[in-house]
Structure formats: C-alpha cells, structure tokens
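Architecture at a glance
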Amino acid sequence: MVLNGIKAVFFDLDNTLIDTAGAGKKAIEEVMKLLIDNKQCKEEDACIICDKFQAKLVCETLDPSEMSIDELRVQHWEEAMQEVRQGEHKEVAQQCYILWKTRRLQLMTLSDSTKEMLRDLKTSVRLVLLTNGVSQVQREKIESCGAHPFFDAVVVGGDHAEEKPASSIFQHCLDLVGLMPGDCVMVGDNLETDILGGLNAGLKATIWVNKNPSTINKASPTPHYIIKSVLEVPNILKSFC
C-alpha cells in the first residue's frame, strides 16, 4: 500500500476498533436475566437497576487511594439496588459486577476484517493505539481483544496527567514513534476527544468514524474526513494528496 505523506495512524479503541457499546448492552441484558432468574426483583426493577448502574458508570470518578476500580463498580451495583429496594445487596452486587465485566470483555473483539486492515496498514505506516480511560479497565480491554500485537505503541490516557483531547498526550505518541504532527492521522468515533485532540495537536488529518448519518451535519469540531466504518480508513489514506 502506498500512502502519500502518512507515516503513522493513531487509532482510538472504544467504538472505533471494538464495539464497546454493543458489548456493554449485551452484558447488561445478561445481568438483567440474572437478577430476574434469581428472583431478586421484577423485570421492571431489574431494568431500573441496570439503568442506574450505567448512569453511575458514565459519571464515575476514581480515587485509587480509597478503592480499586473493581470495588468502585461493585459499589455502583450495590447503590443502584439500594435505590430501588432497601436491604443488603453486597453479594448480589458482586455477582452482577463479575458477570457484567466478564461478558463485556468477552464480547469486545477485533473482527477478522479489522485485524486484516491493521496488518496491511502496519506494512506501510506506524500504528499507535491511543485510548482514554482508567488504566486497568483499558488494558483489560486491550488484552481481551488481542489488540497489542497490531500496534507499534499503546498509550492509555489513565497513565498520564492528561487524556485526549489534550495536546500533551498526542505529543507523547509522536515522541514514541519519532514523528512530526504533519506525518500522522487520528482515527476515532468521538468528536470531543479524538477529532478535537487531533486538530489541537496539528495532525495532518482527522478521520471521524460516525455510524449515525443523522449527526453528520451537526459535526463540531469538523473532521477532515467522515466514514461509516473503520474499514474505510485505508481508502481514505490512499486518497491523500
């Protein structure tokens, strides 16, 4: 593959290379079944508990000096249950967390076509995996989906003082592969972290993986390119002038 002036591609992980949202949805469905089958609650209550857990997940803040991420997420489940029905829920909360975490990780996979794309790209450019999130959580995902061998460098935001869209973490990636911003492209599904970050860092181009066509006209910041699937990345790269 001949690429015009591109020496490295930075890829986001969640919902770019792996279907994190889809895996999470299926894992939640299995937790709901556990709650119902164990006669812990009615279907309606199980649904509310799972919704509450996911809401807590979105806005969670972790202080490693107080508890681990695993302990925090067990606590999310326990609090969600207590908000629906008072009582002792520690043991069930632990079961829910283990099932949710295990199944979610099992369902986070790199498709064969994605693996093939990454292998082909790696023959022509350096590949960097750049993902935000708590270090333990993201590294468990990376290990589970087997992404590491496809990349020349793996950078997890939780290991650094700043995450995407901060320019500092992009500069760290550039230093790892010994390249300039104009040599690199950022690929990701999140406008506020991946695309804005790539723009702030002065990369040659940003490629937004957007699976919802209805949001294209509302894109802000504006990516250089918009694609529906990460598998379209090679064709975009070959079209660069």
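Cut-offs applied
- Residues numbered from 1 in each chain as written.
- Predicted model: local features only at pLDDT ≥ 70, side-chain atom pairs only at ≥ 80, totals over all residues.
- Heavy atoms only, no water.
- Core = buried A, V, L, I, M, F, W, Y, C linked by side-chain atoms within 4.5 Å.
- Buried < 20%, exposed > 50% of the residue type's maximum accessible area, 1.4 Å probe, protein only.
- Helix = DSSP H or I, 4+ residues; strand = E, 2+ residues; numbered from the N terminus.
- Contact = heavy atoms within 4.5 Å.
- Axes fitted to C-alpha atoms, helices over the stretch in contact; angles between N-to-C directions.
- Parallel < 35°, antiparallel > 145°, perpendicular 65-115°, else oblique.
- Left-handed = near helix turned anticlockwise from the far one by under 90°.
- Arc of directions from axis to C-beta.
- Pairing = 2+ DSSP bridges.
- Salt bridge = Lys/Arg side-chain N within 4 Å of Asp/Glu carboxyl O.
- Right-handed = clockwise from strand over helix to strand, strands pointing away.

Quick look at the nonpolar core now. One finds F11, L17, F151, V187 and V233 to be the most contacted residues of the largest nonpolar core, which totals 33 residues. Contributing elements (two or more residues each) for this core: β1 (8–11), α5 (112–122), β2 (126–131), α6 (135–145), β3 (153–156), β4 (184–188), β5 (205–209) and α9 (233–238). Apart from the residues within four sequence positions on either side, L17 is in contact with F11, D12, T109, L110, T114, L118, L129, F151 and V230. Counting 20 residues, the second largest nonpolar core, distinct from the first, contains A27, L35, C41 and I49.

On the secondary structure map, K56 appears in helix α2 (residues 43–58). Of the residues examined, K56 reaches a relative accessible area of 17% and is grouped as buried. With near-sequence residues (within four places) excluded, K56 lies in contact with H76, E79, A80 and E83.

Moving on, we get to the packing of helix α4 (residues 90–107) against α6. Between α4 and α6, the least distance of the axes is 8 Å, while the angle of their chain directions is 45 degrees. The angle between α4 and α6 falls in the class oblique. In the packing of α4 onto α6, the handedness of the crossing is right-handed. Counting all contacts with α4, which are made through K101, R104, L105 and Q106, the residues of α6 involved are Q136, V137, E140, K141 and S144.

Turning to helix α7 (residues 167–177), its buried residues number three or more, namely I169, F170, C173, L174 and V177. Buried residues of α7, viewed axially, fall in a sector of 150 degrees; they line one side. Packing partners of the buried residues in α7 comprise β1, β2, β3, β4 and α8 (191–200). After α7 finishes, the residue G178 shows a positive phi value of roughly 65 degrees.

Regular strands place side chains that alternate from one sheet face to the opposite one. Where burial is concerned, the two faces of β1 agree: the one with A8 and F10 and the one with V9 and F11 are both buried. Bridge count between β1 and β2: four bridges; the pairing is parallel. Considered in β2, the bridge of A8 is made with R126. Here β1 pairs with β4 via four bridges, running parallel. Bridge pairing links F10 to M186 in β4.

Counting across every chain of the model gives 14 salt bridges. A salt bridge links D37 to K33, with the shortest nitrogen-to-oxygen separation between them at 2.8 Å. Placement of both D37 and K33 in helix α1 (residues 20–37) is noted, with a separation of four residues, approximately one turn of the helix. Bridged by salt links that share partners, the residues K52, K56, E79 and E83 form one connected network.

The next subject is α6. By the burial criterion, the buried members of α6 are S135, V137, Q138, K141, I142 and C145. Buried positions along α6 lie against α1, α3 (69–84), α4, β2 and β3. Immediately downstream of α6, the backbone of G146 shows phi near 70 degrees, a positive value.

Looking at where T193 falls in the secondary structure, it is placed in helix α8. Non-local contacts of T193, meaning those with residues more than four positions away in its chain, are made with N132, K164, P165 and F170.

Buried residues dominate β4, accounting for five of its five residues. Neither face of β4 is open: one carries C184, M186 and G188, the other V185 and V187, and all of them are buried. Pairing of β4 with β5, which is carried by four bridges, proceeds in the parallel orientation. When the sheet's bridge partners are listed, M186 is paired in β5 with T206. Considered for its hand, the β-α-β crossover made up of β4, α8 and β5 is right-handed.

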